[in-house]
Amino acid sequence: KRLVDECERPYPLLDQHAAERFAGLFDDDVLSFPASLAARYRDAKELGRGGMAVVYLATDVKHGRDVAVKVVRSGISAALGRERFLREIEIVAGLRHPHIVPLYDSGEADGCLYFVMPYEEGHSLRQRLARNGQLSVRETIAMRRDAGAAPAYGTKRGLVRRSSTP
């Protein structure tokens, strides 16, 4: 109901990014770092949030490194199902490709599904464009090639890529 109401507001749906436009729909969802992970992943601070999860930057106490901990929203967790999530994470953990972020850890904590990956410092494409302007044709082709390499790698290993568009 809330999603339908939001879509019927007077301004067009694409005036804002989905994460900004629909952020209020998730206020009652998992927004805090699971307490049971705090001993292993210390000093967690929120990096960002989206429709699927909240991502935190934390220190992996055991290995002394910065990590990104992605905590799946409870509504998504319920729809996805614990067993399916853990099965998909197991598949992803077996992938080795330069354009697929490796998986360090995963599981369930305080009723929330989560996974841990390296924290990669840097900037987004949006930030890059704002700072330097339009990409050259060569840069665009290189980025598109790199971005397409990971799904192609997964497909060759029998993974099926799902899309939310019909």
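This structure is a prediction, so every number in the text was calculated from the model and none was measured. (Residues numbered from 1 in each chain as written. Predicted model: local features only at pLDDT ≥ 70, side-chain atom pairs only at ≥ 80, totals over all residues. Heavy atoms only, no water.)

> Can you walk me through unusual backbone geometry in this structure?
It is generally the case that most residues other than glycine have a negative phi and that most peptide bonds are trans. Positive phi outside glycine occurs at aspartate 43, with the angle close to 60°. With respect to the helices, strands and loops of the structure, aspartate 43 is situated in strand β1 (residues 41-49). Take aspartate 43: its relative accessible area is 63%, and that puts it in the exposed class. Phi angles above zero are rare outside glycine, and aspartate 110 is one such case at about 55°. (Helix = DSSP H or I, 4+ residues; strand = E, 2+ residues; numbered from the N terminus. Buried < 20%, exposed > 50% of the residue type's maximum accessible area, 1.4 Å probe, protein only.)

> What exactly am I supposed to notice about the sheet that holds strand β3 (residues 65-72) here?
Within a sheet, each strand pairs with its neighbour through backbone hydrogen bonds, oriented either parallel or antiparallel. Spatially, the 5 strands line up as an open sheet ordered β1-β2-β3-β5-β4, and their pairing is antiparallel. Whereas interior strands pair on both sides, the edge strands pair on one side only; in this sheet they are β1 and β4 (105-109). Ignoring which end each strand starts from, the neighbouring axes of this sheet average 25° apart. By the bridge criterion, 5 bridges tie β3 to strand β5 (residues 112-118) in an arrangement that is antiparallel. When the bridges of β5 are listed, lysine 70 appears paired with phenylalanine 115. (Pairing = 2+ DSSP bridges. Axes fitted to C-alpha atoms, helices over the stretch in contact; angles between N-to-C directions.)

> Help me out: how do you make sense of the environment of alanine 78 in this one?
For alanine 78, the location among the structural elements is in helix α3 (residues 74-80). Taking C-alpha positions, alanine 78 is 10.0 Å from glycine 111, a pair spaced 33 residues apart along the chain.

> Got a minute to help me understand the pairing of β1 in this structure?
The side chains of a regular strand alternate between both faces of the sheet. For β1 and strand β2 (residues 53-60), the ladder comprises 6 bridges, and the chain directions are antiparallel. Residue pairing for β2: arginine 42 is matched across the bridge by threonine 59. Between the end of β1 and the start of β2, which pair antiparallel, lie 3 residues.

> How should I be thinking about a nonpolar patch on the surface in this particular structure?
Taken together, the side chains of Leu125, Leu129 and Met143 present a nonpolar region at the surface, about 250 Å² in accessible area. With respect to the secondary-structure elements, leucine 129 resides in helix α5 (residues 125-132). Judged by relative accessible area, which is 35%, leucine 129 ranks as partly exposed. (Patch = residues over 30% accessible without salt bridge, like charges linked within 9 Å, V, L, I, M, F, W, Y side chains within 5 Å. Areas by Shrake-Rupley, 256 points an atom, 1.4 Å probe, with all protein chains shown as cover. Salt bridge = Lys/Arg side-chain N within 4 Å of Asp/Glu carboxyl O.)

> Please clarify how the pattern of salt bridges should be interpreted in this entry.
Pairs can form between side chains of opposite charge once their charged atoms are near each other. The tally for this structure, following the rule as stated, stands at 8 salt bridges. When the shortest N-O distance is used, the salt bridge between arginine 65 and aspartate 60 registers 3.3 Å. The buried category is assigned to aspartate 60, whose relative accessible area is 0%. Close ionic contact of glutamate 108 with arginine 82 constitutes a salt bridge, the shortest N to O distance being 2.3 Å. In this pair, glutamate 108 sits in strand β4 while arginine 82 sits in helix α4 (residues 82-93), placing the two residues 26 residues apart along the sequence. By relative accessible area, arginine 82 is classed as partly exposed at 39%. Residues joined in a network through salt bridges with shared partners are Arg40, Asp60, Arg65 and Asp105.

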